[in-house]
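Architecture at a glance
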Amino acid sequence: MIHTACPLDCFDSCSVVCDPNYPNRLVAGSNTPYTNGTLCAHLYKHIHEAKRVSTPMVNGKEVTMSEALDAVAEALQDSWILWRGSGNMGVMQSVTNLLAKRAGGVLTRGTLCDGAGDIGIVEGRGVNRLLPVEQIAKSEVIVVWGRNVTVTNAHLMPYIEDKELIVIDPVKTKIAKKAKLHLQVKPRSDFYLAILLARFIIMENSEDKEWLEKFASEYEEYYEFTRTFRIKAILEHIGLSLSEIGDLLLMLQNKKVVFLVGAGVQRHEIGSSTLRAIDALAALLGLFGKEGCGVSYLSNSRLGFDDPFKVNIKTEQIAITPFSKYKTVLVQGGNPAESMPCTNRVTEELKSVKNLIYFGLYENDTSDLANIIIPAKNFLEKDDVRLSYGHHYVQKMNKVYDSKIGISEYDFTQEILKRLNKEPIESLDYYIDYWLKQTVKTENKMISPAYQEIPYSDGFGEKGGEEFEFIEDFYDDFEDIKALRRFRKQIGTKNDEFWLITPKNSKTLNFQFERPKNEVLLSSKLGIKDAAKVLVKSIWGELELTAKVFDDIREDTVLINCGVKGVNRLTPPISSQEGDMACYGDSKVKIEVLES
Ligand SMILES: Nc1nc2c(c(=O)[nH]1)N[C@H]1C(S)=C(S)[C@@H](COP(=O)(O)OP(=O)(O)OC[C@H]3O[C@@H](n4cnc5c(=O)[nH]c(N)nc54)[C@H](O)[C@@H]3O)O[C@H]1N2
Ligand SMILES: Nc1nc2c(c(=O)[nH]1)N[C@H]1C(S)=C(S)[C@@H](COP(=O)(O)OP(=O)(O)OC[C@H]3O[C@@H](n4cnc5c(=O)[nH]c(N)nc54)[C@H](O)[C@@H]3O)O[C@H]1N2
Ligand code: SF4
Ligand SMILES: [Mo]
């Protein structure tokens, strides 16, 4: 049997085994205990259903791989930028950083995913350490905050099902229906909710003074900061009642509490402050460094590793990559023409570049625009190492079979460097070993060097011993931006606009596989009939969709699934205040009924 791991962008990073005689029959492995005997349908679709690009193409003509690589080498003599998506989460994807370094390329910085939250955590705690699943399992109360666990993180369910569940989400998700308390908060208001909760905890004298004196002694100054926000204004802004807040506070007291925070709370300009305020709340309750307590977010999977692919070269912010500044754009493992915010801007820019190279596994909206297409190898056809943002196991991804289709990222890098007469990089084994030798080995498993059984038990900062740092200043001018005011002037007032949320769904993995139906989900209170044709408009673009009445959502919010074709025409071309992160949640929309 050959061991590998699921390469898809997912909290669970499942362990996979393959019988080389039946190489496409994938079975759950045991290199991480969380895989627990089951793989999901995404992996099946990845290998069996998604239409693969198999032939290299240059300017619409089928060519050999060698000819296509010649064309790439030629194109990289112009100014160029590498834009990498998250189609495959193996570490070897980043080997192309070395190509950028040696061949004069530019990289992107930041993420489309979790970067605002990550920086908010780092500012408060000094380092974003993963809360081990074992600690989540030991908790008594779980607050699921903007994380759709049953859909995006299903392998965690057995660890939390028996706990007292609180869910904070604008949607009554499947897990919200199981919860003891569901706070159906307004989108983009979690920062304010966390501030209010912090203030009430101190007003009621229920903060953990003993722990705070030792590890977060500036909590009284933080209390003063929370007092600069008006309670009444916040309650209105978050769309919750005082009694709901009271219920939540009661459930959090003197219990082992874990906050399971997802990417959903931080897809905003202010996303870093949101995570920092949630962390501050956890600190007031003394939830760090203790068994069965903590805040779990998407961790930095490379923490503690010396990264052989780290380079120090020019970068552009990923969410607003200015493609047209470059003659050549190399897209690897991603689909910016759909996944980036503000699709109208992105496609216009991608169309304007001289050479758009797509290096990927499937046909997608970006490959449709590209003039050079390089087929990639899939994860069964190459060696790699899988880290995880959801657990601390490290997995070697062993090649299962050779294939004539495509080229690996490692070979791509070497072949282009050769064509450009640049110094070759080290061997593939060198890099794989470089990662693996840094892991900690226990009971036939490999663990990240950053693993700590109970993170922050010695305090904060990279080495411990430091205090938690509370947020001291904050600004939020969303309602005041010029573009939003102009939009309101053009097409109506504040009262008929809705928050747009675009969360993940069970059918698709980001913009891959079966695309969700072209629907916008909205409350029956809007009076729009099921199946009506509607035009959804934001400052940045518009999209025709079918209305689907959905009473599990707030009436001031509409939902379009991530993966719906064109959804990002509606999202803004901005980067978060900190963390260089895309702000998919910073969009308000109007709905025009075209045909009911
Ligand atoms: N099936 C499936 N699984 C996936 C993916 C997928 O596409 N499909 N994608 C993977 C990737 S790349 C990632 S980053 C993770 C992300 O997984 P999650 O962290 O679960 O993120 P989202 O699905 O974006 O949002 C989670 C929840 O946040 C809610 N939400 C939206 N806006 C707000 C808000 O302002 N406040 C609050 N409190 N809640 C809000 C949504 O309704 C949703 O229920 O999932 C991974 N797993
Ligand atoms: N509106 C809205 N937009 C979003 C989000 C949202 O919640 N709402 N979520 C954002 C998030 S969290 C993320 S992570 C991004 C994801 O954004 P992207 O990574 O750009 O999107 P994917 O659709 O996952 O594209 C992955 C591509 O990788 C390619 N691929 C797969 N395996 C390999 C391989 O081994 N090698 C190579 N070279 N290519 C491979 C496939 O061809 C596939 O098309 O989307 C973001 N966009
Ligand atoms: S749950 Fe996630 S890691 Fe596991 S097989 Fe499915 S996509 Fe892959
Ligand atoms: Mo993501």
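Residues numbered from 1 in each chain as written. Chains lettered and ligands numbered in written order. Predicted model: local features only at pLDDT ≥ 70, side-chain atom pairs only at ≥ 80, totals over all residues. Heavy atoms only, no water.

1. A few points about the domain arrangement of the chain
Put simply, the rule is: Residue ranges labeled as domains rest on an automatic or database domain assignment. Here, residues are in contact when the closest pair of their heavy atoms is within 4.5 Å. A simple way to read buried area is as the amount of 1.4 Å-probe accessible surface that goes missing from two parts once joined, with both sides added. Basic side-chain nitrogens of Lys or Arg form a salt bridge, by our definition, when they fall within 4 Å of a carboxyl oxygen of Asp or Glu. Put simply, DSSP H or I for four residues or longer makes a helix, DSSP E for two residues or longer makes a strand, and each gets a number counted from the N terminus. Residue polarity is assigned by list, with Asp, Glu, Lys and Arg as charged and Ala, Val, Leu, Ile, Met, Phe, Trp, Tyr, Cys and Pro as nonpolar; anything else, Gly included, falls into the polar class.
Examined at the domain level, the chain breaks down into domain 1 (2–112 + 303–447), domain 2 (115–296) and domain 3 (478–595). Look at where the C-alpha atoms of domain 2 and domain 3 centre, and you get two points 26 Å apart. Between domain 2 and domain 3, the contact holds 24 residues from the first and 25 residues from the second. Buried surface at the junction of domain 2 and domain 3, both sides included, amounts to about 2000 Å², of which 56% is carbon and sulfur. Looking only at domain 2, the three residues that lose the most surface to domain 3 are Pro187, Arg267 and Glu269, adding up to 32% of its buried area. At the junction of domain 2 and domain 3, the tally comes to two salt bridges. Where Arg188 meets Asp586, a salt bridge forms, and the shortest distance between an N and an O atom there is 2.6 Å. Of all the secondary-structure elements, those providing two or more residues to the side of domain 2 that touches domain 3 are helix H4 (115–125) and helix H6 (149–152). Grouping the constituent residues of the side of domain 2 that touches domain 3 by class yields nine nonpolar, eight polar and seven charged.

2. Focus on the pattern of salt bridges
The criterion, for reference: Relative accessibility decides the category of a residue: with a 1.4 Å probe and only protein chains considered, values under 20% of the type maximum give buried, values over 50% give exposed, and everything between is partly exposed.
Enumeration according to the criterion identifies 40 salt bridges in this entry. Of the charged contacts, one joins Lys325 and Glu316 as a salt bridge, the two residues approaching to 2.8 Å between their closest N and O atoms. For Glu316, a relative accessible area of 9% translates into the label buried. In this structure, Lys565 engages Asp365 in a salt bridge whose closest nitrogen and oxygen atoms are separated by 2.3 Å. Of this pair, Lys565 sits in the loop between strand S25 (557–559) and strand S26 (588–595) while Asp365 sits in the loop between strand S15 (355–360) and strand S16 (372–375); the two residues are 200 residues apart in sequence, bridging distant segments of the chain. Given a relative accessible area of 11%, Asp365 falls into the buried group. Residues joined by salt bridges that share partners form a network here, namely Glu479, Arg488, Asp496, Glu497, Lys588 and Lys590.

3. Quick look at the site of ligand 2
Applicable threshold: We define proximity as follows: a residue is near a molecule or strand when any one of its heavy atoms falls within 4 Å of that partner. Think of a polar contact as two N or O atoms within 3.5 Å of one another; within protein, one of them needs to be a possible hydrogen donor and the other a possible acceptor, and neighboring residues in sequence only count if both atoms come from side chains. Each accessible area value is a Shrake-Rupley result obtained with a 1.4 Å probe; residue values ignore everything except the protein chains displayed when judging cover.
Of all residues adjacent to ligand 2, which total 33 residues, the nearest are Ser86, Ser339, Glu409, Lys504 and Asn568. Contact between ligand 2 and Asn335: an oxygen atom at 2.8 Å from a main-chain N or O atom of the residue. Between ligand 2 and Gln512 there is a distance of 3.2 Å, counted from an oxygen atom to a side-chain nitrogen or oxygen. Relative to its unbound accessible surface of 920 Å², ligand 2 loses 98% to contact with the protein. Here the shell around ligand 2 gets three residues from one element, more than from any other, and that element is S15. Of the residues contributing to the shell around ligand 2, the split by class is eleven nonpolar, 16 polar and six charged.

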